[in-house]
Each structure stands twice: as C-alpha cells, then as structure tokens.
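So you can see what is in the structure, the chains are spelled out below.
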Amino acid sequence: MKVSGKVAMVTGAAQGLGKAFAASLLANGAKVVISDVNSETGEATLKEFQDKYGEDNVLFVKTDVTSQADMEATFQQVRARFGGLDIMSNNAGIMGETSDLWEKAVDVNLKGVIRGTNLALDMMRQDKGGRGGVIVNTASIAGLMVVPTAAVYCATKHGVIGFSRSWAASPVCTDNGVRVNALCPSFVDTAMVPPESEAGEELKTFLDEHGLMSVEYVAEGFMDLVQDDARNGAVLKMGQIVGKVYVEY
Ligand SMILES: NC(=O)c1ccc[n+]([C@@H]2O[C@H](COP(=O)([O-])OP(=O)(O)OC[C@H]3O[C@@H](n4cnc5c(N)ncnc54)[C@H](O)[C@@H]3O)[C@@H](O)[C@H]2O)c1
C-alpha cells in the first residue's frame, strides 16, 4: 500500500511504539488519528506532530480501548474528519499480572485489539462501502514463547496473534481488500520496560543478552507490514541477541 494520502488510526499513540508508528505514517504522507487514554501526553504529542507534519494532517482523540462507546465515537470522528480509514494500528497495551490488574490487561491487550479490529474492518471492507485497508496488531515476542514471569501478558499476546491470523485467512477480509498482520517485537526502549535499577535479576540478564530496540527501528517493521501488499496473516518477529539484530517472518 502506498501510504501517502491514506488515513490511519493508532491506539496507544501518545508515547512509545504507537507514537513512533504514527510518526512514520505522517512522515510518509498519511493523515493520522492518534488516540490514547492519556490525554495530557496525547495533547503534547499532537502539538509536536502538528508542528512537524502540519496542523491538518493529525488529530488526537482521547480514547480508552476498553470502552466500546469511546472507540465507536473515535471511529465516527475519523470518518467525519478524514472520510474513511485505510490503516489501523491496534497498539495500546499494558503489563498486569497481579490479582487487581490481570483483568484490565486482558481488557486492554486482547479485548481492545478485538474491538479495534472489528470496528476498523467494518469501515474498511469493500462490501460495506469501504476502500479496503490494512490492520496491524501489536502483539509481542511473548505471544510466541513461554514467559514464566508474565503469564497473563503472554496469554493476551498469544491471543492477538491467533486472532489476527484467523481474520487474515477469512474471506471476509480476503474478498474485501483487507489485510491483517501481527507485529512481535522483543524488548523495546519504552516506558513499559522498567529501568535497570528496578528490573529483577531475570530481566537484567535478558536485557544484558538482548538489549533494547529503539522505537524507530520497530517502526520500520511496522511500515513493512503496512506497505507490502504481499503481507497478510504475517507475524513479524523483531529482536536482537547480543547486539545481533534479527527480523524474521
Ligand atoms: N516495550 C516493549 O518492550 C514491548 C515489546 C513487545 C510488545 N510491546 C507492545 O507494544 C505496545 C505499546 O507499548 P509501549 O512499549 O509503547 O508502551 P508504553 O507504555 O510506552 O505505551 C503504551 C501506550 O498505551 C496507552 N494505553 C494504555 N492503556 C490504554 C487504554 N486502555 N486505552 C488507550 N490507550 C491506552 C498508554 O497511555 C501509552 O501511551 C503494547 O501493546 C505492548 O504490549 C512492547
């Protein structure tokens, strides 16, 4: 897909990976709706993007991906402002293993991705008047392996991969011009990864061996999943081991 002139929406885009994905889309000429539950950081990111990429090309909408009403209202704003949707990044995610947080982690990481995918598909599918498009769901390398310290996170990311691959194989998508892909990074330098001083021994050892990828580097993989029309049902693994980068489909 040629990104220039297309309309995109990114969830969890106030900071971290979502912000980097939005920046790459804007740099390539897309119009982008950045959405996030954190309005303070979201507004600051909006200002930064407007200054760099033009006031009319970007919109911030405060959106909680766990709320159906919020998400529907945001999609309505996307349609009202930009007339449709071509690129959807379901990216918002949190860690949450404790008894008071695990259900929220499932709500954000899995149900939020399902909600965003279903709403995007409804707007994109050609049999409902859409233009086709591409949906990229942020999973994680944790969606493909065992994570003894983060079973809930691991389960949600396994779910995102199965969900994305299943939609990608469905005629509802293949007959209607919609591709669905999953992005699976290893550790990335964002607020989600605790600073070394707060990291447990296991994480410290892992980080010593694997290091942290930059958000800009992972955004290159994201853009490949968006731009390459041959990628459907793709599961892109990105990471590094002892400084050696790997990118694998
Ligand atoms: N950082 C990593 O090492 C890493 C590795 C693999 C996958 N991921 C995934 O990448 C995605 C982005 O994470 P990040 O590393 O940029 O972390 P981050 O914490 O920097 O960014 C996450 C963003 O999501 C937003 N968010 C949280 N709950 C939300 C909700 N209910 N509704 C809307 N927005 C919400 C936050 O406000 C924040 O802006 C997540 O899905 C995460 O699981 C991260």
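Residues numbered from 1 in each chain as written. Predicted model: local features only at pLDDT ≥ 70, side-chain atom pairs only at ≥ 80, totals over all residues. Heavy atoms only, no water.

Caption draft 1: Spotlight on the overall build of the chain. Of regular secondary structure, the chain possesses eight helices and eight strands. Over its C-alpha trace the chain gives a radius of gyration of 17 Å, about what one expects of a compact globule, namely 18 Å for 249 residues. If one aligns the C-alpha atoms of the chain with their principal axes, the spans along those axes are about 50 × 40 × 35 Å. Within the span of the chain, comprising 249 residues, buried residues form 50% of the whole. Across the chain, every contact between residues at least 6 apart in sequence was considered, and the portion connecting residues at least 24 apart equals 70%. Here the chain displays about 11,100 Å² of accessible surface, and carbon together with sulfur accounts for 51% of that area. Averaging the locations of the 22 positively and 31 negatively charged side chains of the chain gives two centres separated by 8 Å. (Helix = DSSP H or I, 4+ residues; strand = E, 2+ residues; numbered from the N terminus. Rg over C-alpha atoms; globule rule 2.2 N^0.38 Å. Buried < 20%, exposed > 50% of the residue type's maximum accessible area, 1.4 Å probe, protein only. Contact = heavy atoms within 4.5 Å. Areas by Shrake-Rupley, 256 points an atom, 1.4 Å probe, with all protein chains shown as cover. Lys, Arg positive; Asp, Glu negative; His and termini not counted. Charge placed at Lys NZ, Arg CZ, Asp CG, Glu CD.)

Caption draft 2: Focus on the pairing of strand 1 (residues 7–11). Most of strand 1 sits out of view: five of its five residues are buried. A two-sided burial pattern is seen for strand 1, the buried positions comprising Val7, Met9 and Thr11 on one face and Ala8 and Val10 on the other. Where strand 1 meets strand 2 (residues 31–36), five bridges bridge the pair, whose relative direction is parallel. Each bridged residue has a counterpart across the sheet, and for threonine 11 the counterpart in strand 2 is serine 35. Following the chain from strand 1 across helix 1 (residues 16–27) to the adjacent parallel strand 2, one finds a crossover that is right-handed. (Pairing = 2+ DSSP bridges. Right-handed = clockwise from strand over helix to strand, strands pointing away.)

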